[in-house]
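Working through the structure, step by step
Read off the chains here:
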Amino acid sequence: MWQWFHRLGSPRWFYNTSGKWLPWLSVLAAILLSLGVVWGLGFAPQDAKQGNSFRIIYIHVPASFLALAGYYVMAISGAVGLIWKMKLADMVMKSAAPIGAVLTFVALVTGAIWGKPTWGTYWVWDARITSMLVLFFLYLGVIALQYSYTSQDAASKASAVLSLVGMVNIPIIYKSVDWWYTLHQPATIRLTEAPSMHPDMFHPLLVMILGFYCFYAVALILNTRVEILYRERRTRWVQDMVLETPVSEIREGQN
Amino acid sequence: MGGGFSAILQRDLLLAFRHRGEIANPVIFFFIVVTLIPLGLTPEASRLAEIAPGILWVMALLASLLSVEGLFQSDYRDGTLEQLLITPQPLYLMVLAKVLAHWLITGLPLTLLAPVLGMMLSLPTAGYLPLVLSLLMGTAVLSLIGAIGAGLTVALRKGGLLLSLIVMPLYMPVLIFGASTVQRAVDGFPVDGPLAVMGALLAFSLLISPFATAGALRVSMHG
């Protein structure tokens, strides 16, 4: 039973296996994303109040979903790395941090762009926006810590500790920001979301969310593979693999 | 078990009293930055009173943040930290003792100074007691959270700015509840709600933070 667990801990096994999944996953992500974009931007009905501007929801909501989920991916793989001393988990944690930070940034920027036509301003100190901003800071902290250690091992452990502390804190931060917002809530601005979306609008959103999940997996795997090659660059199997690669391919890669 | 705790507490307090300037620094910092507010904003009493709760809390937070950087630094430089890690005493309790000493040296003076600064910012009378109570618990939470960051960055050459970067997002709940305790008191609402939450934050961070700090110190020392 433990065999898969041990295999999973081997960067080489992961590199080879993920190489087989990657094309399928990329194709799936591309299909879902293009289907969702065309459906959502071109064919979903207009919103009664917001007109066409609501269509940014098809980027904004999936990005926000994965921004938060990405933090948990990062923190949990950090915990796995701390507890079982699994090298692969450390690499996944390091690779997950920048992807999560970028997705959080995308969620913030699309939210700001959406806010202009809807609320008349790019930025409001709304509870959800503020929590998202704090999440962005948490990501930046982990990334900054990751790059300030010279020893790779210490860097992994330190950022694992920090991301775990952050994970424990996320619910507290979200609750307190909620509380803060209800205390200071400006009366003029309200999220004008209907309680339930019309199915014609919701289905493309669902496709986009699935597409973003696949895209996240592809990005995470690609990042992790680069990290594996870099950290294992002195091992036999990486050197053999590089030697077996035809010279023309390496040249193409350089150009 | 308690031997390590009291020994460290005694030692840290003794060290602090031999370098009194270091005790005074956060307090002076707090004083000076609060002085900057009327200069930069307005000397008008009514407008100062409006922003006083938030300003006092933000500045106390910054003062605490600046002082927490030194929590483990001298012990790391002279090798004491290495010795602490190999003593047969629970690291959890020793970290707790260091944080308690840090709070006694910085958090408590900041709390005691706050009403004076509140008066200078013409904070309404109803706000004084809640300000002191919230800072009393809040600065302890800030020291506890800051200790995690200090433990993570102690071995780094330029840890100071990084420490603020990683610790400040975690400070936000404390600031929210601390400042709103004072604000609610000024507005005439009961404050037991936010004070209770502050107490809960203190209890929770007492439980978690020494544990995380101990882990962080082990990472910093042994990779």
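About the criteria used
- Residues numbered from 1 in each chain as written.
- Chains lettered and ligands numbered in written order.
- Predicted model: local features only at pLDDT ≥ 70, side-chain atom pairs only at ≥ 80, totals over all residues.
- Heavy atoms only, no water.
- Helix = DSSP H or I, 4+ residues; strand = E, 2+ residues; numbered from the N terminus.
- Buried < 20%, exposed > 50% of the residue type's maximum accessible area, 1.4 Å probe, protein only.
- Contact = heavy atoms within 4.5 Å.
- Areas by Shrake-Rupley, 256 points an atom, 1.4 Å probe, with all protein chains shown as cover.
- Core = buried A, V, L, I, M, F, W, Y, C linked by side-chain atoms within 4.5 Å.
- Buried area = accessible area lost by both parts, 1.4 Å probe.
- Salt bridge = Lys/Arg side-chain N within 4 Å of Asp/Glu carboxyl O.
- Polar contact = N/O pair within 3.5 Å; in protein donor to acceptor, adjacent residues only side chain to side chain.
- Nonpolar A, V, L, I, M, F, W, Y, C, P; charged D, E, K, R; others polar.
- Patch = residues over 30% accessible without salt bridge, like charges linked within 9 Å, V, L, I, M, F, W, Y side chains within 5 Å.
- Expected span 1.5 Å × (residues − 1).
- Bend = angle between axes of the 7 residues up to and from the residue.
- Phe/Tyr/Trp six-rings, centres within 6.5 Å; stacked < 30°, edge-to-face > 60°.
- pLDDT = per-residue confidence, 0-100.
- Axes fitted to C-alpha atoms, helices over the stretch in contact; angles between N-to-C directions.
- Parallel < 35°, antiparallel > 145°, perpendicular 65-115°, else oblique.

**Notes on the overall build of chain A**
Counting its secondary structure elements, chain A contains nine helices and zero strands. Order of helices (α) and strands (β) in chain A, N terminus to C terminus: α-α-α-α-α-α-α-α-α. Buried residues in chain A amount to 46% of all 255 residues. Long-range contacts, defined as pairs at least 24 residues apart, comprise 80% of the intrachain contacts of chain A with a sequence gap of at least 6. In the form shown here, chain A has an accessible surface area of approximately 13,800 Å², with 67% of it arising from carbon and sulfur atoms.

**Examining the nonpolar core**
Note that soluble globular proteins tend to have their nonpolar side chains buried in a common cluster. Of all hydrophobic cores here, the largest spans 140 residues; its most connected members are Tyr71(A), Leu145(A), Phe30(B), Trp57(B) and Leu152(B). Sorting elements by how many residues they give to this core places helix α7 (residues 199-231) of chain A first, with 13 residues. Those residues within four positions of Leu152(B) in sequence are excluded, and the remaining contacts are Leu145(A), Tyr149(A), Ala158(A), Val161(A), Leu162(A), Ile166(B), Ala216(B) and Ser220(B).

**Topic: the interface of chain B and chain A**
At the junction of the two partners, chain B supplies 22 residues and chain A supplies 26 residues. A buried area of about 2,200 Å², summed over both sides, lies between chain B and chain A, and 86% of it is on carbon and sulfur atoms. Summed over the shared surface of chain B and chain A, the result is zero salt bridges. Our count for the contact surface shared by chain B and chain A stands at two residue pairs in polar contact (both at pLDDT 80 or more). The set of elements that each furnish at least two residues to the side of chain B that touches chain A consists of α7 (128-153), α8 (159-187) and α9 (192-222) of chain B. Residue composition of the side of chain B that touches chain A, by class: 17 nonpolar, four polar and one charged.

**Quick notes on a nonpolar patch on the surface**
Residues and elements named next belong to chain B. Together, Ile28, Phe31, Ile32, Leu36, Leu39, Val116, Met119 and Met120 make up an exposed nonpolar region whose accessible area comes to about 780 Å². Top contributing element to the nonpolar patch by residue count: helix α2 (residues 20-40), with five residues. The class for Ile32 is partly exposed, based on a relative accessible area of 48%.

**A look at helix α3 (residues 45-68) of chain B**
Its 24 residues give α3(B) an end-to-end C-alpha distance of 33 Å, which sits within 8% of 34 Å, the value for a rise of 1.5 Å per residue. Largest kink in α3(B): about 55 degrees, centred on Ala52(B), with the proline Pro53(B) one to four residues after it.

**Things to note about the environment of Thr106(B)**
All names here are of chain B. Position of Thr106 relative to the elements: it lies in helix α6 (residues 91-120). Separated by 22 residues in the primary sequence, Thr106 and Tyr128 place their C-alpha atoms 19 Å from one another. Excluding anything up to four places from it in sequence, Thr106 contacts Pro26 and Ser67.

**Notes on the packing of aromatic side chains**
All names here are of chain A. Tallied over the entire structure, the rule returns seven aromatic pairs over all chains. On the basis of an interplanar angle of 70 degrees and a centroid distance of 5.3 Å, the ring pair of Tyr71 and Tyr139 is categorised as edge-to-face. Of this pair, Tyr71 sits in helix α3 (residues 57-84) while Tyr139 is found in helix α5 (residues 127-148), placing the two residues 68 residues apart along the sequence. Residue classification places Tyr71 among the buried residues on the basis of a relative accessible area of 0%. Judged by its relative accessible area of 0%, Tyr139 is buried.

**Focus on the confidence of the model for chain B**
Looking at chain B as a whole, the pLDDT averages 91, with 99% of positions reaching at least 70. Predicted as a complex, the structure gets a pTM of 0.88 and an ipTM equal to 0.88.

**Notes on unusual backbone geometry**
Here the phi dihedral of Lys85(A) falls at roughly 50 degrees; this positive angle occurs in a residue that is not glycine. Owing to a relative accessible area of 61%, Lys85(A) belongs among the exposed residues under this scheme. Unlike most non-glycine residues, Ser122(B) shows phi in positive territory, near 45 degrees. Topologically, Ser122(B) is positioned in the loop between α6 and α7.

**Things to note about the environment of Trp125(A)**
Residue and element names in this part refer to chain A. With respect to the helices and strands, Trp125 occurs in the loop between α4 (87-119) and α5. Separated by 56 residues in the primary sequence, Trp125 and Tyr181 place their C-alpha atoms 8.1 Å from one another. Look past the residues within four positions of Trp125 in its chain and what remains in contact with it is Thr130, Leu133, Trp180 and Tyr181.

**What to know about the side chain of Ser143(B)**
All names here are of chain B. Here Ser143 shows up in helix α7. You can call Ser143 buried: its relative accessible area is 1%. Setting aside residues no more than four positions away along its own chain, Ser143 makes contact with Ser64, Val68, Val99, His102 and Trp103.

**Overview of the confidence of the model for chain A**
Note: predicted coordinates in regions of low pLDDT should not be interpreted at a detailed level. Taken residue by residue, chain A gives an average pLDDT of 85. The fraction at 70 or more is 87%. Mean pLDDT values for the elements of chain A range from 60 in helix α9 (residues 247-254) of chain A up to 92 in α3(A).

**So, the pattern of salt bridges**
Scanning all chains against the criterion turns up nine salt bridges over all chains. In this structure, the salt-bridge partner of Glu227(A) is Lys94(A), at a minimum N-O distance of 3.5 Å. Remark: Lys94(A) occurs in helix α4 and Glu227(A) occurs in helix α7; sequence separation between them is 133 residues. The exposure class of Lys94(A) is buried, given its relative accessible area of 14%. Measuring nitrogen to oxygen at the nearest pair gives 2.9 Å for the salt bridge that ties Arg231(A) to Glu227(A). Note that Arg231(A) and Glu227(A) are positioned in helix α7 at a spacing of four residues, about one turn of the helix. When its relative accessible area of 12% is taken as the criterion, Glu227(A) is described as buried. Within this structure, Arg11(B), Asp12(B), Asp75(B) and Lys98(B) form a network of salt bridges that share partners.

**Concerning the packing of α6(B) against α9(B)**
Two packed helices can be described by the angle between their axes and the distance between those axes. Residue and element names in this part refer to chain B. Remark: α6 packs on α9, axes separated minimally by 9 Å, with the N-to-C direction vectors making an angle of 105 degrees. The pairing of α6 with α9 is recorded here as roughly perpendicular in orientation. Judged by residue contacts, Leu91, Tyr92, Val95 and Leu96 of α6 engage Leu206, Leu207, Pro210, Phe211, Thr213, Ala214, Leu217 and Arg218 from α9. Residues of the contact of α6 with α9, tallied by class, amount to 10 nonpolar, one polar and one charged.

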